[in-house]
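# Architecture and fold: a report
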Amino acid sequence: MPHGFDAYRVFISAPGDLERDRQTCHEAIAQVNEATAMPAKVLLVEVGLRENGHIDSNRGIVSDNVRWSSYFVQLFEDDWGPRDLFRKLFLLAAECRDDATMPMREVVVCLKDAPGETNTEILGFRRELEERQDVRLFRYSSIDALREHLTGVCNGWARNLIEATKAAAAGPAEPTGA
């Protein structure tokens, strides 16, 4: 059904016990859609899993959803989910972002503080994310900080998409005369 909006998927990867954080992502996207994107006929559409177990039984479909997304938000604290499959989704998102034929534009990592963590494997996962130079990384300690950061990120995406739509509608620039 035609709706007149240009839609852009935002895949939210939230393994482990980060349901509240995932919900905060949803709220930030909804707020940006209402205030910034929708008035300009742009829509950020949240995609992701509601339960970690679904990644096991629907891995191909989940991977396709990442491939079809324009943006990828990785939440992480201390768990990559069943069989580390959310890590594989994160790596797939980075691969898609680096492929000009794919719609992926940016991968963002939101790393929840875990000051009491001592598990060396988990600390290694965290270090791996912190050391990546090809993603925008944000550390947060509260839901409010996450909401504020993601609202800013999503507003930036929406503004860029709106500007790109306006530029495309205007057509090629007129050459200047000599």
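See the structure shown above.
On a predicted model such as this, the values are computed, not experimentally measured, just so you know. (Residues numbered from 1 in each chain as written. Predicted model: local features only at pLDDT ≥ 70, side-chain atom pairs only at ≥ 80, totals over all residues. Heavy atoms only, no water.)

## Quick look at the pattern of salt bridges
Short version of the rule: Definition used for salt bridges: Asp or Glu carboxyl oxygen within 4 Å of a side-chain nitrogen of Lys or Arg. Where helices and strands are cited, they refer to DSSP runs of H or I of at least four residues and of E of at least two residues respectively, numbered from the N terminus. Only protein chains enter the accessibility calculation, which uses a 1.4 Å probe. A residue is then buried if its area is under 20% of the maximum for its type, exposed if over 50%, and partly exposed in between.
Scanning the model with the defined rule gives 15 salt bridges in all. Here aspartate 134 ties to arginine 97 by a salt bridge, and the two come within 2.9 Å at their closest N and O atoms. On the criterion of sequence distance, the pair formed by aspartate 134 in the loop between helix 5 (120-131) and strand 5 (136-140) and arginine 97 in helix 4 (residues 85-97) is long-range, its members being 37 residues apart. By relative accessible area, which is 16% here, arginine 97 ends up buried. Taken together, the shared-partner salt bridges connect Arg97, Asp98, Arg132 and Asp134 into one network.

## Remarks on the packing of helix 1 (residues 19-37) against helix 6 (residues 143-170)
Condition: Lines are fitted to the C-alpha atoms to define the axes, a helix being fitted only along its stretch in contact, and any angle between axes, read from their N-to-C directions, falls within 0 to 180 degrees. An angle below 35 degrees is read as roughly parallel, one above 145 as roughly antiparallel, one from 65 to 115 as roughly perpendicular, and any other as oblique. Crossing chirality is assigned from the near helix's rotation relative to the far helix, an anticlockwise turn below a right angle marking it left-handed and a clockwise turn marking it right-handed. Whether two residues are in contact is decided by their heavy atoms: any pair within 4.5 Å suffices. Gly counts as polar in this scheme, as do all residues outside two lists: the nonpolar Ala, Val, Leu, Ile, Met, Phe, Trp, Tyr, Cys and Pro, and the charged Asp, Glu, Lys and Arg.
Two elements in contact, helix 1 and helix 6, have axes whose closest approach is 8 Å; the angle formed by their N-to-C orientations is 40 degrees. Classed by the angle they form, the pair helix 1 and helix 6 counts as oblique. As helix 1 packs across helix 6, the resulting crossing turns out to be right-handed. The segment helix 1 lies against helix 6, with Arg20, Asp21, Thr24, Cys25, Glu27, Ala28, Ile29, Gln31, Val32, Thr36 and Ala37 engaging Ile143, Leu146, Arg147, Leu150, Thr151, Cys154, Asn155, Ala158, Arg159 and Ile162. Taken together, the residues of the contact of helix 1 with helix 6 break down into 11 nonpolar, five polar and five charged.

## Brief notes about the environment of arginine 132
Note the following rule: Identification of polar contacts relies on pairs of N or O atoms within 3.5 Å, with a donor-acceptor requirement for protein atoms, meaning one able to donate a hydrogen and the other able to accept it, and with residues adjacent in sequence counted only if both atoms are side-chain atoms.
Tracing the chain through its elements places arginine 132 in the loop between helix 5 and strand 5. Each C-alpha atom of the pair arginine 132 and phenylalanine 76 lies 14 Å from the other, and the pair is 56 residues apart in sequence. Only 2.8 Å separates the side chain of arginine 132 from the side chain of aspartate 134, close enough to count as a polar contact.

## Focus on the sheet that holds strand 5
Quick note on the threshold: In this description, strands pair whenever DSSP reports at least two bridges between them.
Across the sheet, five strands lie side by side as 2-1-3-4-5; this open sheet has parallel pairing. Of all strands in the sheet, those bounded by a partner on one side alone are strand 2 (42-48) and strand 5. Neighbour-to-neighbour, the strand axes of the sheet open up by a mean angle of 20 degrees, direction not taken into account. Summarising the sheet, strand 3 (residues 71-76) and strand 4 (residues 106-112) pair through six bridges and their orientation is parallel. Across the sheet, phenylalanine 76 pairs through a bridge with leucine 111, a residue of strand 4. Lying on the sheet, helix 3 (residues 59-67) is in contact with strand 1 (6-13), strand 2 and strand 3; it crosses strand 1 at an angle near 130 degrees. Those strands touched by helix 4 are strand 1, strand 3 and strand 4, and its axis lies near 145 degrees from that of strand 4.

## Quick look at a negative patch on the surface
For clarity, the threshold we go by: Any residue with relative accessible area above 30% and no salt bridge may belong to a patch, with like charges joined within 9 Å and the nonpolar Val, Leu, Ile, Met, Phe, Trp and Tyr side chains within 5 Å. Computed with a 1.4 Å probe, the accessible areas rest on the Shrake-Rupley method; for each residue, only the protein chains presented here act as cover. Under this rule, positive means Lys or Arg and negative means Asp or Glu; His and the chain ends count for nothing. Every charge is mapped onto a representative atom, which is NZ of Lys, CZ of Arg, CG of Asp or CD of Glu.
A grouping of Asp17, Asp78, Asp79, Asp84 and Glu121 is seen on the molecular surface, where their side chains present a negatively charged patch. Within the element layout of this structure, aspartate 78 appears in the loop between strand 3 and helix 4.

## Digging into helix 3
How we decide: For this quantity, the arc is that covered by the directions from the helix axis to the C-beta atoms.
Among all positions of helix 3, only Val62, Ser63, Asn65 and Val66 are buried. For helix 3, the arc enclosing every buried residue in end-on projection is 155 degrees, short of the 170-degree limit, so these residues lie on one face.

## Section: the packing of aromatic side chains
What counts, and what does not: A pair of aromatic rings is counted whenever rings of Phe, Tyr or Trp (Trp by its six-membered ring) have centres within 6.5 Å, and the orientation is called stacked for planes under 30 degrees apart, edge-to-face for over 60 and tilted otherwise.
Evaluated as defined, the whole model comprises seven aromatic pairs. Plain terms: the ring middles of tyrosine 71 and tryptophan 157 are 4.0 Å apart, the flat faces sit at 15 degrees to each other, and that makes the pair stacked. Placement of tyrosine 71 in strand 3 and of tryptophan 157 in helix 6 is noted, with a sequence separation of 86 residues between them. For tyrosine 71, a relative accessible area of 4% puts it in the buried group. Note on tryptophan 80 and phenylalanine 125: the rings are 6.0 Å apart at their centroids and 80 degrees apart in plane angle, and the pair reads as edge-to-face. One end of the pair, tryptophan 80, is in the loop between strand 3 and helix 4; the other, phenylalanine 125, is in helix 5, and 45 residues separate them in sequence. Accessibility assignment for this pair places tryptophan 80 and phenylalanine 125 in one class, buried. One aromatic cluster is present, built from ring pairs that chain together Phe76, Trp80, Phe90 and Phe125.

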